[in-house]
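Reading the structure
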Amino acid sequence: MYLTLAAAGAAAVALLEVTLWPYLGAAGTHLHPVFAGTVLLAGIGTLESGLAWAFAGGLMLDVLSPRPLGTTVLVLLLATGTAAAAARAMAQIRIAVVAPIVIAFPLSLAYSLGIALILAAVEGSAPPRDAIPALVPGAIADTVLVGLVMALTLARRSRREEQERVGW
């Protein structure tokens, strides 16, 4: 049931990313909420939920945008595995709570660059030059989005834990 909800949520967020998010960007940034959800679910949730989110969201993005089918799915699945491995490694040193925020910036750059490289390979054109400086504002925006959602999640979790009840 939880994986079905993750897939349905990813499809809904992908629809919003394609239709509304391009109008919400500032200074040439483009937020990637499907990517942010992938990093969050793989970092603080389970690997399976992150994979379900990445596959459903990536497939929906590929269908709705002019990309070859499977481009976004491939890059999101690689980002899911990397985020889950980083979260497990950070859990060993007891900072797993901030793992999605720490890994969001480099993974956002890799996500955008991976899509650009795959599109260049499919189209037979040259890889993009000086792409990293152009992608940095979007990566910063993705990191802020992950940080905000992470803060809201932790606040909600701590509020729920504060309700102490007497067990009879």
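Note that the coordinates shown come from a computational prediction; the quantities given were computed from them, not determined experimentally.

Calculation criteria
- Residues numbered from 1 in each chain as written.
- Predicted model: local features only at pLDDT ≥ 70, side-chain atom pairs only at ≥ 80, totals over all residues.
- Heavy atoms only, no water.
- Axes fitted to C-alpha atoms, helices over the stretch in contact; angles between N-to-C directions.
- Helix = DSSP H or I, 4+ residues; strand = E, 2+ residues; numbered from the N terminus.
- Left-handed = near helix turned anticlockwise from the far one by under 90°.
- Contact = heavy atoms within 4.5 Å.
- Nonpolar A, V, L, I, M, F, W, Y, C, P; charged D, E, K, R; others polar.
- Core = buried A, V, L, I, M, F, W, Y, C linked by side-chain atoms within 4.5 Å.
- Buried < 20%, exposed > 50% of the residue type's maximum accessible area, 1.4 Å probe, protein only.
- pLDDT = per-residue confidence, 0-100.
- Expected span 1.5 Å × (residues − 1).
- Arc of directions from axis to C-beta.
- Polar contact = N/O pair within 3.5 Å; in protein donor to acceptor, adjacent residues only side chain to side chain.

Turning next to the packing of helix H1 (residues 2-19) against helix H4 (residues 47-64). Here H1 crosses H4 at 35 degrees, and the two axes come no closer than 8 Å. Regarding H1 and H4, the two cross each other, and that crossing is right-handed. Judged by residue contacts, Tyr2, Leu3, Ala6, Ala7, Gly9, Ala10, Ala11, Val13, Ala14, Leu15, Glu17 and Val18 of H1 engage Glu48, Ser49, Ala52, Trp53, Ala56, Gly57, Met60, Leu61 and Leu64 from H4. Grouping the amino acids of the contact of H1 with H4 by side-chain chemistry returns 16 nonpolar, three polar and two charged.

Grouped together as the largest cluster of nonpolar side chains are 23 residues, with contacts concentrated most on Val34, Phe35, Leu76, Ile103, Leu107 and Tyr111. The set of elements that each furnish at least two residues to this core consists of H1, helix H3 (33-44), H4, helix H5 (71-92) and helix H6 (99-123). Discounting chain neighbours no more than four positions away, the residues touching Ile103 are Val39, Ala83 and Ala86. Within the second largest apolar cluster, six residues are counted, among which are Ala36, Leu40, Ala104 and Met150.

With that settled, consider the confidence of the model for the protein chain. Mean pLDDT over the protein chain works out to 85, with 90% of the residues at or above the 70 mark. When pLDDT is averaged over each helix and strand of the protein chain, the minimum, 72, is found for helix H2 (residues 21-24) and the maximum, 92, for H4.

Let's shift gears to the environment of Leu117. The residue Leu117 is located in helix H6 in this model. Taking relative accessible area as the criterion, Leu117 reaches 42% and is therefore assigned partly exposed. Setting aside anything within four residues of it in sequence, one finds Leu117 in contact with Pro127 and Pro128.

End to end, H1 covers 26 Å across 18 residues, agreeing with the expected 26 Å (1.5 Å per residue, within 8%). Three or more residues of H1 are buried, namely Ala6, Ala10, Ala14 and Glu17. All buried residues of H1 lie within an arc of 70 degrees about the axis, which places them on one face of the element. Every exposed residue of H1 that faces more than 90 degrees away from the buried side is listed here: Thr4 and Leu5. On its buried face, H1 sits against H2, H3 and H4.

Our focus in this paragraph is the side chain of Ser65. Within the secondary structure, Ser65 sits in the loop between H4 and H5. A polar contact of 2.5 Å, which involves the side chain of Ser65, links it to the backbone oxygen of Leu61.

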